[in-house]
Amino acid sequence: KAGVTQTPRYLIKTRGQQVTLSCSPISGHRSVSWYQQTPGQGLQFLFEYFSETQRNKGNFPGRFSGRQFSNSRSEMNVSTLELGDSALYLCASTPGQSLSGEQYFGPGTRLTVT
Amino acid sequence: AQSVTQPDIHITVSEGASLELRCNYSYGATPYLFWYVQSPGQGLQLLLKYFSGDTLVQGIKGFEAEFKRSQSSFNLRKPSVHWSDAAEYFCAVLEYGNKLVFGAGTILRVKS
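Residues numbered from 1 in each chain as written. Chains lettered and ligands numbered in written order. Predicted model: local features only at pLDDT ≥ 70, side-chain atom pairs only at ≥ 80, totals over all residues. Heavy atoms only, no water.

Draft legend 1. Region of interest: the overall build of chain A. The helix and strand tally for chain A stands at zero helices and 11 strands. Secondary structure elements of chain A, listed N to C terminal, follow the sequence β-β-β-β-β-β-β-β-β-β-β. In terms of C-alpha radius of gyration, chain A reaches 13 Å, essentially the compact-globule figure of 13 Å for 114 residues. Among the 114 residues that make up chain A, the fraction classed as buried is 51%. Across chain A, every contact between residues at least 6 apart in sequence was considered, and the portion connecting residues at least 24 apart equals 53%. Entry remark: accessible area of chain A is about 5200 Å², with carbon and sulfur atoms responsible for 48%. For chain A, the distance from the average site of its 11 positive side-chain charges to the average site of its 6 negative ones is 4 Å. (Helix = DSSP H or I, 4+ residues; strand = E, 2+ residues; numbered from the N terminus. Rg over C-alpha atoms; globule rule 2.2 N^0.38 Å. Buried < 20%, exposed > 50% of the residue type's maximum accessible area, 1.4 Å probe, protein only. Contact = heavy atoms within 4.5 Å. Areas by Shrake-Rupley, 256 points an atom, 1.4 Å probe, with all protein chains shown as cover. Lys, Arg positive; Asp, Glu negative; His and termini not counted. Charge placed at Lys NZ, Arg CZ, Asp CG, Glu CD.)

This is the structure in structure tokens:
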């Protein structure tokens, strides 16, 4: 099976712009979670989607949003970008509905905000 | 809120030597615990997990971890380190749903 794919892999944006990142989970996986990784804050949970519904949300401002499509693909959006949003954004998928926490990560999207 | 502490930011071991990476967690109930590895420019790869049962769990690449409830620890071990093991290692606890709470990570350097 193909792994989790994320596009684009690298992105450079300017402060104030918005950005959309995409994640395709492993085939058959229905849950998608997003994490932000920065040198200062480490790995932090953004949100989780299952069957097109947000099931869980981390402690991030409303500028961070996401959605999931009927084919389980997910997108996250960050509006009004700030310099502090520069990070590696990781997507992870989980099989089925079980809340097992066993997550399979994609390679990430490296976002640089200038 | 749950938390995970990895006391060692960097560890250097010689190739062929044994390895132990420390992880302490704070969680009220029986935790679901994980170790992930991240190579430069890569995502996270699951090494092993503990849900219940046998407190010594085996993972991929020759890694194992031991859950010790009395010490709130879940240390990762490998008897003989290979140069390809150089990476960053993250311990994590499942908080609720599919939300993982990660430690700050330990960077492993392997000396030849």
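Draft legend 2. Region of interest: the state of the cysteines. Following the criterion strictly, the structure yields two disulfides over all chains and no others. Paired through a disulfide, Cys23(A) and Cys91(A) show a sulfur-sulfur distance of 1.7 Å. Note on the Cys23(A) and Cys91(A) pair: the S-S dihedral is about -50°, so by sign convention the disulfide is left-handed. In this pair, Cys23(A) is assigned in strand β3 (residues 19-24) and Cys91(A) in strand β9 (residues 87-95), connecting sequence segments 68 residues apart. Each sulfur in the disulfide pair Cys23(B) and Cys91(B) lies 2.0 Å from the other. Measuring the twist about the S-S bond at about -65°, one finds the Cys23(B)-Cys91(B) disulfide to be left-handed. Remark: Cys91(B) occurs in strand β10 (residues 87-94) and Cys23(B) occurs in the loop between β3 (19-21) and β4 (24-26); sequence separation between them is 68 residues. Given a relative accessible area of 0%, Cys91(B) falls into the buried group. (Disulfide = S-S within 2.5 Å.)

Draft legend 3. Looking closely at the nonpolar core. In terms of nonpolar packing, the biggest core is built from 27 residues, with Leu19(B), Trp35(B), Leu47(B), Leu48(B), Phe74(B), Leu76(B) and Tyr89(B) touching the most fellow members. Taken together, the elements giving at least two residues each to this core come down to β2 (10-14), β3, β5 (33-38), β6 (44-50), β8 (64-68), β9 (73-78), β10 and β12 (106-111) of chain B. Element by element, the count of residues in this core is highest for β10(B), at four residues. In contact with Phe74(B), not counting residues within four places along its chain, are Cys23(B), Leu33(B), Phe34(B), Trp35(B), Leu48(B), Tyr50(B), Val57(B), Ala65(B), Glu66(B), Phe67(B) and Cys91(B). Listed in part, the 21 residues of the second largest apolar core include Trp34(A), Phe47(A), Tyr89(A) and Cys91(A). (Core = buried A, V, L, I, M, F, W, Y, C linked by side-chain atoms within 4.5 Å.)

Draft legend 4. The arrangement of the side chain of Glu95(B) in detail. Residues and elements named next belong to chain B. Looking at where Glu-95 falls in the secondary structure, it is placed in the loop between β10 and β11 (100-102). Among the polar contacts listed, one links the side chain of Glu-95 to the backbone nitrogen of Gln-2, at a separation of 3.2 Å. In this structure, Glu-95 is in contact with Ala-1, Gln-2, Tyr-27 and Val-101, ignoring residues within four places of it in sequence. (Polar contact = N/O pair within 3.5 Å; in protein donor to acceptor, adjacent residues only side chain to side chain.)

Draft legend 5. Examining the pattern of salt bridges more closely. According to the stated counting rule, one finds 11 salt bridges over all chains in the structure shown. With a closest N to O distance of 3.3 Å, Arg73(A) and Glu75(A) form a salt bridge. The salt bridge involving Glu102(A) is made with Lys49(B); its shortest N-O contact spans 3.2 Å. A residue pair is termed interchain when its members come from two chains, as with Glu102(A) in the loop between β9 and β10 (104-105) and Lys49(B) in strand β6. Judged by relative accessible area, which is 17%, Glu102(A) ranks as buried. Here the residues in one salt-bridge network are Arg63(A), Glu82(A) and Asp85(A), joined through shared partners. (Salt bridge = Lys/Arg side-chain N within 4 Å of Asp/Glu carboxyl O.)

Draft legend 6. Spatial organisation of the environment of Leu88(A). Mapped onto the fold, Leu88(A) is located in strand β9. When the C-alpha atoms of Leu88(A) and Gln37(A) are compared, they prove to be 5.1 Å apart, with 51 residues separating the residues in sequence. In this view, Leu88(A) contacts Tyr35(A), Gln36(A), Gln37(A), Pro107(A), Gly108(A), Thr109(A), Arg110(A) and Gln38(B); residues no more than four positions away in its chain are not counted.

All quantities given are derived from atomic positions and should not be read as evidence of function.
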